[in-house]
Amino acid sequence: MTEEFYKISGETEISGGAAFSDTDSASVLWAYKNEIASGFGDGTFKPDEPVNREQLAVMVYNYVRYTGGDVSNIEGMAIYNFRDYPEISDWALTAVRYCLNSAVISGNDDMTYNPKGYVSVSELSEILLKIKK
């Protein structure tokens, strides 16, 4: 997933060594150094695992902030419209609020957000188009 953010950033160079024990990917290092993705507490990034919706929301929020975009749109009730909002992890709440309020990521027709659900390729493409500068 970091590869996509790295590509739309237009950046071409990154310096430094691997930040995680399980990857030395340039896009992962770039995302880590620019505070877009932080990996896991055990020193791994788990680059081969799928990204869920709340993880993607955090990366979107951090990417928009990284590009100088306005991420102040975190108030309001949009998040409470979803039956499963209590399932959103505390560490992702601000990012999910931003993504919902800014219509970068939407919920499902059944009034769920599905924070632990995985992101489809088409959904990711739509989201990247919305945030690309």
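Nothing here was measured: the structure is a model prediction, and the numbers come from that model. (Residues numbered from 1 in each chain as written. Predicted model: local features only at pLDDT ≥ 70, side-chain atom pairs only at ≥ 80, totals over all residues. Heavy atoms only, no water.)

Asker: Sorry, what's going on with the side chain of threonine 2 here?
Answerer: Looking at the secondary structure, you find threonine 2 in helix 1 (residues 2–9). The exposure class of threonine 2 is buried, given its relative accessible area of 5%. Contact partners of threonine 2, with chain neighbours within four places excluded, come to Ser27, Val28, Ala31, Ala37 and Phe45. (Helix = DSSP H or I, 4+ residues; strand = E, 2+ residues; numbered from the N terminus. Buried < 20%, exposed > 50% of the residue type's maximum accessible area, 1.4 Å probe, protein only. Contact = heavy atoms within 4.5 Å.)

Asker: I would appreciate a short explanation of helix 1 in the present structure.
Answerer: Note that an α-helix has 3.6 residues per turn; residues three or four places apart therefore point the same way. Residues of helix 1 that are buried include every one of Thr2, Phe5, Tyr6 and Ile8, and no others. On its buried side, helix 1 packs onto helix 2 (26–33), helix 3 (53–66) and helix 5 (121–131). The first or second residue beyond helix 1 is glycine 10, which carries a positive phi of 80°.

Asker: Just to check I follow, could you spell out unusual backbone geometry for this structure?
Answerer: Peptide bonds are, in most cases, trans, and in most cases residues other than glycine have a negative phi. For glutamate 35, which is not a glycine, the phi torsion comes out positive at approximately 60°. Considering the arrangement of structural elements, one finds glutamate 35 in the loop between helix 2 and helix 3. By relative accessible area, which is 57% here, glutamate 35 ends up exposed. With a phi angle near 60°, alanine 103 is a residue other than glycine that sits in the positive phi range. Tracing the backbone shows alanine 103 in the loop between helix 4 (93–101) and helix 5. Of the residues examined, alanine 103 reaches a relative accessible area of 48% and is grouped as partly exposed.

Asker: What should I look at first to understand the confidence of the model for the chain in this one?
Answerer: Low-confidence regions, as indicated by low pLDDT, have predicted coordinates that should not be scrutinised in detail. Taken as a whole, the chain shows an average pLDDT of 90; of its residues, 99% reach a score of 70 or greater. Averaged over each element, pLDDT in the chain is lowest for helix 1 (89) and highest for helix 3 (96). (pLDDT = per-residue confidence, 0-100.)

Asker: Whenever I open this one, the side chain of threonine 23 confuses me. Can you help?
Answerer: Its location among the elements puts threonine 23 in the loop between helix 1 and helix 2. A polar atom in the side chain of threonine 23 sits 3.1 Å from the backbone nitrogen of serine 25. Residues within four places of threonine 23 in sequence aside, it is in contact with Ala18, Val28, Phe45 and Pro47. (Polar contact = N/O pair within 3.5 Å; in protein donor to acceptor, adjacent residues only side chain to side chain.)

Asker: Honestly, the nonpolar core in this entry has me stumped. Any pointers?
Answerer: It is characteristic of soluble globular proteins that their nonpolar side chains tend to be buried jointly. Core analysis: the largest hydrophobic core is formed by 37 residues, its most contacted members being Phe5, Leu56, Val60 and Ile131. Discounting chain neighbours no more than four positions away, the residues touching phenylalanine 5 are Trp30, Leu56, Met59, Val60, Tyr63, Leu128 and Ile131. (Core = buried A, V, L, I, M, F, W, Y, C linked by side-chain atoms within 4.5 Å.)

Asker: How should the packing of helix 1 against helix 2 be read in this particular structure?
Answerer: For any two helices packed against each other, the geometry comes down to the angle between their axes and how far apart the axes lie. Two elements in contact, helix 1 and helix 2, have axes separated by 8 Å at closest approach and are oriented at 75°. The angle between the axes of helix 1 and helix 2 places the two elements in the roughly perpendicular class. Judged by residue contacts, Thr2, Glu3, Phe5, Tyr6 and Ser9 of helix 1 engage Ala26, Ser27, Val28, Trp30 and Ala31 from helix 2. Along the lines of polarity and charge, the residues of the contact of helix 1 with helix 2 split into six nonpolar, three polar and one charged. (Axes fitted to C-alpha atoms, helices over the stretch in contact; angles between N-to-C directions. Parallel < 35°, antiparallel > 145°, perpendicular 65-115°, else oblique. Nonpolar A, V, L, I, M, F, W, Y, C, P; charged D, E, K, R; others polar.)

Asker: Looking at this model, I keep getting lost on the packing of helix 3 against helix 4. Mind explaining?
Answerer: Contact geometry of helix 3 with helix 4 gives a least axis separation of 8 Å together with a crossing angle of 75°. In terms of their interaxial angle, helix 3 and helix 4 are classed as roughly perpendicular. Contact with helix 3, carried on its side by Glu54, Ala57, Val58, Val60, Tyr61 and Val64, involves Thr94, Ala95, Val96, Tyr98 and Cys99 of helix 4 and no other residues of that element. Looking at the contact of helix 3 with helix 4 residue by residue, the class counts come to nine nonpolar, one polar and one charged.

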